[in-house]
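Reading the structure
One-letter residues, chain by chain:
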Amino acid sequence: MIALVDCNNFYVSCQRVFEPRLNGQPVVVLSNNDGCLIARSDEAKALGFKMGEPYHLARPALQQHGVRVFSSNYALYGDMSRRVLRVLGDWVPEVDVYSIDEAFLNLDGTQFLRRGQSLSQYGSDIRAAVLQHVGIPTCVGVAPTKTLAKLANRLTNRRTGHNVVTLETDAQRQAALAATPIEQVWGIGRRYGKKLLEMGLVTAADLTAMPEGWVRRHLGGVVGVRLWQELHGQPCLDFDPAALEDEERPARRHSVAHTRSFGRPQRDPAVLGEAVASFVARAAEKLRRHGLSAQVLTVLLGTDRQAPQPHTFTAVATLPAATHDTGELTRAALERLRRLLRPGTAYHRAGVMLSGLEPMGQTQLGLFTQTPEQLQRSQQLMTRLDALNQRFGQSTVRYAAAGLQEQKWEGRHNFRSPAYTTDWQNLWQVCA
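Predicted model only: the values in this text are computed from it and were never measured. Within each chain, residues carry numbers counting from 1 in the order of the written sequence. Only residues with pLDDT of at least 70 are given local features in this predicted model, and only at 80 or more are side-chain atom pairs given and counted; all residues enter the totals for whole chains, interfaces and linings. Water and hydrogen atoms were dropped before computing side-chain values, which therefore reflect all heavy atoms in the structure.

A separate point is the packing of helix α13 (residues 269-289) against helix α14 (residues 326-340). Between the N-to-C directions of two axes lies an angle of 0 to 180 degrees, each axis being a line fitted to C-alpha atoms and, for a helix, fitted only over the stretch in contact. Numbering of helices and strands starts at the N terminus; helices are DSSP runs of H or I of at least 4 residues and strands are runs of E of at least 2. It is the contact of α13 with α14, at a shortest axis distance of 9 Å, that shows an interaxial angle of 140 degrees. As for how α13 packs across α14, the hand of that crossing is right-handed. Taken together, the residues of α14 that come into contact with α13 (itself represented by Leu 272, Gly 273, Val 276, Ala 277, Val 280, Ala 281, Ala 284, Leu 287 and Arg 288) are Thr 326, Leu 329, Thr 330, Ala 333, Leu 334 and Leu 337. Under the scheme applied here, ten amino acids are nonpolar (Ala, Val, Leu, Ile, Met, Phe, Trp, Tyr, Cys and Pro), four are charged (Asp, Glu, Lys and Arg), and all others, including Gly, are polar. Considering only residue class, the contact of α13 with α14 consists of eleven nonpolar, three polar and one charged. Should the near helix be turned anticlockwise from the far one by less than a right angle, the crossing is left-handed, and should it be turned clockwise, the crossing is right-handed. Should any heavy atoms of two residues lie within 4.5 Å, those residues are counted as being in contact.

Here it is, written out as structure tokens:
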């Protein structure tokens, strides 16, 4: 059996852990640059606020209803996610991390089998442990497959306290399928959901009633058949617990990106260069943390998304050999940036993406690339750089290309809460 543990309104819940007076109050969290709503408490949802709604449009209604607004605080959210995973790892032998607020648990061989404990009670115990040790409320769906576990989790109801749903029997599975709209099945998507509705398939039960051959023809071939089999209780999706070995390393990573919107439009090439160099440094740190090197670098610049004709400009650099060296990546990024810049154009966002990823230390060397001795010195430099920044704070030591003064391109975060768990200066102080 597989359980899906989903943290309730995760970003909002993280804020509430450190401000308990927010419990029961409407709360929203904004995206980078305070652009739009990306998390809402149940109370804010009940007031009609929508996911992705632009903040500048929602602001009057937010103020009218006394909704508490927070800027994104990813340092806090990432650390709270890691704490949740540690608790889950104490309860099951294998945890497959799906996202920052969701994880699949392999319940086979867990203690409840030996004690004769019910699946529902075990799920409730896991919820209680996460709430006690981290303070984050969760919902749990338990079923024979990942797709059914996801479906079971959707059927939980926080308002009624029905926080654990198990699909152990065929009757429970059939009832759950009949209660799930076809477009809400994990893996269907908007396009296939619309197509299936037009064909008269309204619920997940309607899909499982179709023959396998029909599913193969109309639902993407082998992929659709796997989904159909999962809904029938036959596991087809891999369970990958490797993600928990390094809590910051996803199981499979194909690219590393760092993009940001600016607090105000930028036209100055020097300021844009500092922004891109800073983004490269952050992306390169992430590469090294994941033990990877990149051979392809993409730089992007974007104009105002609200303009009648917004544009995104990109330039791609294929490096002679895969690297994780911040200096090499910065030089390549700035050279591509110069090609992209248009005089007088106001840019509202920028970013870099690193792809063509290879395991660190297994890079294919070329005739004109660095020698092994140069590569070793580069590795030592990057190791020292990361160690200093980890000890004294992010970007304490950086390349001059990233700027030495105030970052004029920094996005807005007017409502950001302290990094309670990752910054010594923001730790709670208890006065007795």
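There's plenty left to go through after this.
On to the side chain of Lys 146. Take Lys 146: it is sitting in helix α7 (residues 146-154). In this structure the side chain of Lys 146 is engaged in a polar contact, spanning 2.7 Å, whose partner is the side chain of Asp 96. Side-chain atoms alone can form a polar contact between residues adjacent in sequence; in general such a contact is a pair of N or O atoms within 3.5 Å, and within protein one must be able to donate a hydrogen while the other accepts it.

Okay, unusual backbone geometry next. A positive phi is found at Asn 9, a non-glycine position, where the angle reads about 40 degrees. As for its position among the elements, Asn 9 is in the loop between β1 (2-7) and α1 (10-18).

Ring geometry is summarised as follows: Phe, Tyr and Trp rings, the Trp one being its six-membered ring, pair when their centres sit within 6.5 Å, and such pairs are stacked at plane angles under 30 degrees, edge-to-face over 60 and tilted between the two. On inspection of all chains with the given rule, the structure shows eleven aromatic pairs. When the ring of Tyr 11 is compared with that of Tyr 74, the centres are 6.0 Å apart and the planes differ by 80 degrees; the resulting orientation is edge-to-face. Of the two residues, Tyr 11 is situated in helix α1 and Tyr 74 in helix α4 (residues 74-89); the sequence distance between them amounts to 63 residues. Three labels apply to residues, based on accessible area from a 1.4 Å probe with only protein chains included: buried if under 20% of the type maximum, exposed if over 50%, partly exposed otherwise in between. On the accessibility criterion, Tyr 74 (34% relative accessible area) is partly exposed. Considering the side-chain rings of Tyr 98 and Trp 186, the 5.4 Å spacing of their centres and the 90 degrees angle between planes classify their relative orientation as edge-to-face. Here Tyr 98, found in strand β5 (residues 94-99), pairs with Trp 186, found in the loop between α8 (170-178) and α9 (189-198); they are 88 residues apart in sequence, far enough to count as distant. The class of Tyr 98 is partly exposed, set by a relative accessible area of 39%. Cluster of aromatic residues (ring-pair linked, three or more members): Phe 10, Tyr 11, Tyr 74 and Tyr 77. In this scheme, Lys NZ or Arg CZ marks a charge over a ring once it lies within 6 Å of the ring centre and within 35 degrees of the ring normal. The ring of Tyr 192 has Arg 191 lying over it, and the distance from NZ or CZ to the ring centre is 4.8 Å. In this structure, Arg 342 is placed above the aromatic ring of Phe 313, and the distance from its NZ or CZ to the ring centre is 5.7 Å.

Whether two strands pair depends on DSSP finding at least two bridges between them. Pairing within the open sheet is mixed, and its five strands lie in the order β5-β6-β1-β7-β8. Each end of this open sheet is capped by a strand with a single partner; those strands are β5 and β8 (164-166). Here the strands of the sheet are splayed against their neighbours by 15 degrees on average, with no regard to which way each runs. Pairing of strand β7 (residues 138-143) with β8, which is carried by three bridges, proceeds in the parallel orientation. Across the sheet, residue Gly 141 finds its bridge partner in β8, namely Val 165.

Patch building starts from residues that exceed 30% relative accessible area and form no salt bridge, then joins like charges within 9 Å and nonpolar side chains (Val, Leu, Ile, Met, Phe, Trp, Tyr) within 5 Å. Per-residue accessibility takes into account occlusion by the displayed protein chains alone, with areas from the Shrake-Rupley method and a 1.4 Å probe. Whenever Lys or Arg places a side-chain nitrogen within 4 Å of a carboxyl oxygen from Asp or Glu, that contact is recorded as a salt bridge. A cluster of nonpolar side chains, namely Leu 388, Phe 392 and Val 397, defines an oily patch on the protein surface of about 260 Å² accessible area. Its place among the elements puts Leu 388 in helix α15 (residues 372-392). Taking relative accessible area as the criterion, Leu 388 reaches 38% and is therefore assigned partly exposed.

Moving on, we get to the domain arrangement of the chain. Start and end positions for the domains come from either an automated domain assignment or a database one. Looking at the chain, the domain boundaries give domain 1 (9-72), domain 2 (76-232) and domain 3 (255-402). With centres defined by C-alpha atoms, the gap from domain 2 to domain 3 works out at 38 Å.

Structurally, Gly 141 can be placed in strand β7. For the pair Gly 141 and Leu 151, spaced ten residues apart in sequence, the C-alpha to C-alpha distance is 7.4 Å. For Gly 141, the contacting residues outside a window of four places in its chain are Ile 2, Ala 3, Leu 4, Ala 149, Ala 152, Asn 153 and Val 165.

Attention now goes to the side chain of Asn 73. If you trace the backbone, Asn 73 turns up in the loop between β4 (68-70) and α4. On the accessibility criterion, Asn 73 (4% relative accessible area) is buried. Not counting chain neighbours up to four residues away, the residues in contact with Asn 73 comprise Gln 15, Arg 416, Ser 417, Pro 418 and Ala 419.

Looking now at the pattern of salt bridges. Throughout the structure, instances matching the rule amount to 13 salt bridges. Between Lys 146 and Asp 96 there is a salt bridge, and its shortest N-O distance comes to 2.7 Å. Highlighted residues: Lys 146 in helix α7 and Asp 96 in strand β5, separated in sequence by 50 residues. In this structure Lys 146 comes out as buried when scored by relative accessible area, which is 7%. Residue classification places Asp 96 among the buried residues on the basis of a relative accessible area of 5%. Through salt bridges with shared partners, a single network forms among Glu 19, Arg 21 and Arg 68.

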